[in-house]
Each structure stands twice: as C-alpha cells, then as structure tokens.
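Structural description and commentary
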Amino acid sequence: MNNKPGWRKGFGFAQIFALMIVVIPTAIFLMTLLLDYWTVMQLDNRLKMMSHRAIMIINNESNLSSEANVKKSMDDLKAWGVLQSLCPSSKPTLKLSRVGEMNASQTKIEVVIAKYPLNRLGDKNLSSTITSYSYKDQNGSFKLECE
C-alpha cells in the first residue's frame, strides 16, 4: 500500500463526533445570541427615535398639565400614529402617562418597552430617556410605553 501524505488523509470518527457535539451546537448558540443582539439594537434605535420625536413635541407644548393636552397636540401634528408605528409588532399599543413635575422649564420623556421576549436573554425591559428644556417655560415628566 502506498499512503500518500497530504490533506486528504480522511476524516476520522473522533473528528466527526467532535463536530457534532461541540462545533455545531456552539455555532447555533452564537447565532441565536447574534439574533438577540440584532433585535435589541433595532429596538434601541426605535426607542431613541420615539423619545426624540416626543420630546420635540412636548418642548413646544404650551400646557403640560395633563397627558390629554400632550396627546391632543400629538394628534394635531399627526405624530401619535408615527410614534405608535415605531412600537414592535408584539407590543403595538402605545400609552402616554404623566409621571410628575420636573425642575423649572425642564421636560422629560421616557419611552419603555417592558418585558420584551428575547431568545436567549429572556424577558428584558428596554427604555430610552431624554431630559430637555421647554421652549414655553413648562415642566413635566412623561412616560410612553409600548404594551
């Protein structure tokens, strides 16, 4: 027999089992982690866009005494539908609530997605917060939540 040395010596039983037991499950696990990371990054981008759009409207509002006034101004500018469309499809309903007062002329918006289900990371709470100054000397803290 003439066994030639080279790269085609064969693939043994040990290598096949190592591939099946170690390499393939590890690759699948890493892929699911990458998918979770991609999902979290997209949700983070959406939350930041929502908080930025909402704070621009809130800063220009002349009456921040209740969430009804803020929601009315968002409806007038047709921004409520845009904000609601940025919520993920598993939590499509957007809820606005007034949390409380801020310092003089300061406004704050917090956008929250509570208990979002991810593959490997479990249920996570994701949020984005912006604190800004009101153009009309109003103050208030608001929370937008995708439910």
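Coordinates for the structure precede this section.
Now for a quick tour of the structure.

Criteria and cut-off values
Residues numbered from 1 in each chain as written. Predicted model: local features only at pLDDT ≥ 70, side-chain atom pairs only at ≥ 80, totals over all residues. Heavy atoms only, no water. Helix = DSSP H or I, 4+ residues; strand = E, 2+ residues; numbered from the N terminus. Rg over C-alpha atoms; globule rule 2.2 N^0.38 Å. Buried < 20%, exposed > 50% of the residue type's maximum accessible area, 1.4 Å probe, protein only. Contact = heavy atoms within 4.5 Å. Areas by Shrake-Rupley, 256 points an atom, 1.4 Å probe, with all protein chains shown as cover. Lys, Arg positive; Asp, Glu negative; His and termini not counted. Charge placed at Lys NZ, Arg CZ, Asp CG, Glu CD. Salt bridge = Lys/Arg side-chain N within 4 Å of Asp/Glu carboxyl O. Expected span 1.5 Å × (residues − 1). Bend = angle between axes of the 7 residues up to and from the residue.

**Examining the overall build of the chain**
Across its full length, the chain holds 3 helices and 4 strands. Here the C-alpha atoms of the chain give a radius of gyration of 25 Å, more than 25% beyond the 15 Å that 2.2 N^0.38 yields for 147 residues. Viewed in the frame of its principal axes, the chain has a C-alpha envelope of about 95 × 25 × 25 Å. Across the 147 residues that make up the chain, the buried fraction comes to 31%. Residue pairs at least 24 apart in sequence account for 75% of intrachain contacts in the chain once pairs closer than 6 positions are excluded. Counting every atom, the chain has about 9,700 Å² of accessible surface; 57% of that belongs to carbon and sulfur. Side chains of the chain carry 18 positive and 12 negative charges; the gap between the two charge centres is 14 Å.

**Concerning the environment of K115**
Mapped onto the fold, K115 is located in strand β2 (residues 106-118). K115 has contacts with K91, D123, K124 and N125, leaving out every residue within four places of it along the chain.

**Some details on the pattern of salt bridges**
By the definition in use, this model includes 5 salt bridges. The partner of K71 in a salt bridge is D75, with the nearest N and O atoms 3.4 Å apart. Here K71 pairs with D75, and both are found in helix α2 (residues 67-76), just 4 residues apart, close to one helical turn. Overall, K71 belongs to the partly exposed group, its relative accessible area being 29%. On the basis of relative accessible area, D75 is assigned to the partly exposed category, the value being 39%. A salt bridge links E101 to R98, with the shortest nitrogen-to-oxygen separation between them at 3.0 Å. We classify E101 as exposed; its relative accessible area is 54%.

**A short note on helix α1 (residues 13-60)**
The terminal C-alpha atoms of α1, which comprises 48 residues, lie 71 Å apart, in line with the 70 Å expected from a rise of 1.5 Å per residue. When the local axis directions of α1 are compared, the greatest deviation, roughly 40°, occurs at L19. Of all the residues in α1, the buried ones are T32, D36, V40, L43, L47, M50, S51, A54, I55, I57, I58 and N59. Summarising the contacts, the buried residues of α1 are in contact with α2, α3 (79-85), β1 (94-100), β2, β3 (122-133) and β4 (140-146).

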